[in-house]
Amino acid sequence: SSSAWTGSASTGTINTGPVSPCGTSTVRFINYSLDGSNYSITSSTPGDSIRTFTSGGTNQNFLSVSGFKVNQTNLKISFFTQGAAVGTFPLQYLTVNQYDSVSLITPFNINITSYGAVGQFIEGNFTGQVREILTNNLHNVSATFRVRRN
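A quick note: this is a predicted structure, and the numbers were derived from the prediction, not measured. Sequence order as written defines the numbering, with residues in each chain counted from 1. Whole-chain, interface and lining totals are the exception, using all residues; otherwise, since this is a predicted model, local features are given only for residues with pLDDT of at least 70 and side-chain atom pairs are given and counted only at 80 or more. The basis for every side-chain value is the complete set of heavy atoms in the structure, and neither hydrogens nor water enter the calculation.

Visitor: What am I meant to see in the environment of Asn137 here?
Guide: Numbering of helices and strands runs from the N terminus; a helix is a DSSP stretch of H or I covering at least four residues, while a strand is a stretch of E covering at least two. For Asn137, the position within the fold is in the loop between strand S11 (121-132) and strand S12 (138-148). On a C-alpha basis, the gap between Asn137 and Val102 in space is 9.4 Å, while along the polypeptide they are 35 residues apart. We call two residues in contact whenever any of their non-hydrogen atoms come within 4.5 Å of each other. Leave out the neighbours within four places in its chain, and Asn137 touches Val130, Arg131 and Glu132. A polar side-chain atom of Asn137 sits 3.2 Å from a polar atom in the side chain of Thr135. Here a polar contact is taken to be a pair of N or O atoms separated by no more than 3.5 Å, where protein atoms must pair a possible hydrogen donor with a possible acceptor and residues adjacent in sequence count only if both atoms sit in side chains.

Visitor: Even after reading the chapter, I still don't get the environment of Leu34, so can you show me in this structure?
Guide: With respect to the secondary-structure elements, Leu34 resides in strand S3 (residues 29-34). Along the backbone, Leu34 and Asn97 are 63 residues apart, and their C-alpha atoms lie at a distance of 8.5 Å. Setting aside residues no more than four positions away along its own chain, Leu34 makes contact with Tyr39, Val96, Asn97, Tyr99, His139, Asn140 and Val141.

Visitor: Explain the packing of aromatic side chains to me, please; I cannot follow it from the model alone.
Guide: Pairs of aromatic rings are described using the distance from one ring centre to the other and the angle between the two planes. Two aromatic rings from Phe, Tyr or Trp, using only the six-membered ring of Trp, form a pair when their centres are within 6.5 Å; if the ring planes differ by under 30 degrees the pair is stacked, by over 60 it is edge-to-face, and anything between is tilted. For the structure on display, the rule yields five aromatic pairs. Here Phe79 and Phe145 contribute two aromatic rings whose centre-to-centre distance is 5.2 Å and whose plane-to-plane angle is 50 degrees, an arrangement assigned as tilted. Here the residue Phe79 occupies a position in strand S7 (residues 76-81), and Phe145 occupies one in strand S12, the gap between them amounting to 66 residues. For the pair Phe79 and Phe145, a shared accessibility class is recorded, and that class is buried. Grouped by ring-pair contacts, the aromatic residues Phe79, Phe108, Phe126 and Phe145 constitute a single cluster. Relative accessibility decides the category of a residue: with a 1.4 Å probe and only protein chains considered, values under 20% of the type maximum give buried, values over 50% give exposed, and everything between is partly exposed.

Visitor: Sorry if this is basic, but what is going on with the pairing of strand S8 (residues 87-96) here?
Guide: Residues in a regular strand project their side chains so that they alternate between the two faces of the sheet. Here S7 runs beside S8; their pairing, made up of five bridges, is antiparallel. Residue pairing for S8: Phe80 is matched across the bridge by Tyr93. Here S7 hands over to S8 after five residues, the two strands then running antiparallel side by side. A pair of strands is treated as paired once DSSP finds two or more bridges between them.

Shown next, in the form of structure tokens:
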């Protein structure tokens, strides 16, 4: 939000009302780390794709985000939570790179720090561990994201 600005002009004092800043970034991103290796999927990189689905109904709220690099099979991330507002919620589903069959080591929470109206941005982060179902290996995962709400 912005406050009113009052300035002077050759015709006297003019109250412009609320002023919005120019140049607000429209870039969407998912930056994530898997076992210490960093990855980035952004809307400004050709071949990167980010999809967001939300619901704010009275019976079920959710946020589902996925991102991937076209033609790079193992560079992808997808996550789901029933949180659809600013706050901390349990992460309920996560796949990252080649690890599609994993279980989350709980507690594994997602922090939603900004939840804009439709067309605006949802921002947040999470950090935790996943366990491969077939091998029982643990993997450390963290992410920050900024996605457009649809």
